[in-house]
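Residues per chain, in single letters:
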Amino acid sequence: MKLKRFKYDFILIISIFLLFVIFFVTWFIISNGNKKEVLVERKDIEYSEVYDINQNQTIKIDGKISEVIIIIEDGYVYVEESGCSDKICIHTGKISKIGEQIVCLPNMVIISIKSK
């Protein structure tokens, strides 16, 4: 009886371990893939533009209340300057993973990392 219980416990532990391995390998592949792009949108005028995340560049977007300066550098994206009052877009910092976003609500600008 004790041997049978040990066998089932062992199978359960191995199964859980394999699920964790599959999860982390999938997450690593998805989050660190080189096939990423930057989508910059201005929602109030239906403007959108796609940029290569691997090409260093400076993007200037005329927001609703001021200009927003976006930097793409070494695979990261961040807002360097914005005339909004709360500066949440600047304090968000650098993003680089698929699904991450920087939002400047006063300027109606959304910056997203998307897969190609």
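1. A word on the sheet that holds strand E6 (residues 101-104)
Spatially, the 4 strands line up as an open sheet ordered E2-E1-E7-E6, and their pairing is antiparallel. In the strand order of this sheet, the two ends are held by strand E2 (47-52) and E6, each with one partner. The average undirected angle you get between the axes of adjacent strands in this sheet is 20°. Pairing of E6 with strand E7 (residues 109-115), which is carried by 4 bridges, proceeds in the antiparallel orientation. Residue pairing across strands places Ile-102 opposite Ile-111, the latter belonging to E7.

2. Points about the packing of aromatic side chains
Throughout the structure, instances matching the rule amount to 2 aromatic pairs. Taken together, a centroid distance of 6.5 Å and an interplanar angle of 20° make the contact between Phe-20 and Phe-24 stacked. One end of the pair is Phe-20 and the other is Phe-24, both in helix H1 (residues 2-31) and 4 residues apart, which spans about a single turn. Residue classification places Phe-20 among the partly exposed positions, given a relative accessible area of 48%. Overall, the relative accessible area of 46% leaves Phe-24 in the partly exposed class. Here the aromatic residues Phe-20, Phe-23 and Phe-24 are joined through ring pairs into a cluster of three or more. The ring of Tyr-76 has Lys-94 sitting right over it, with the charged end atom 5.9 Å from the ring centre.

Procedures and definitions
- Residues numbered from 1 in each chain as written.
- Predicted model: local features only at pLDDT ≥ 70, side-chain atom pairs only at ≥ 80, totals over all residues.
- Heavy atoms only, no water.
- Pairing = 2+ DSSP bridges.
- Helix = DSSP H or I, 4+ residues; strand = E, 2+ residues; numbered from the N terminus.
- Axes fitted to C-alpha atoms, helices over the stretch in contact; angles between N-to-C directions.
- Phe/Tyr/Trp six-rings, centres within 6.5 Å; stacked < 30°, edge-to-face > 60°.
- Buried < 20%, exposed > 50% of the residue type's maximum accessible area, 1.4 Å probe, protein only.
- Lys NZ or Arg CZ within 6 Å of the ring centre and 35° of its normal.

Read these as geometric descriptors, not functional statements.
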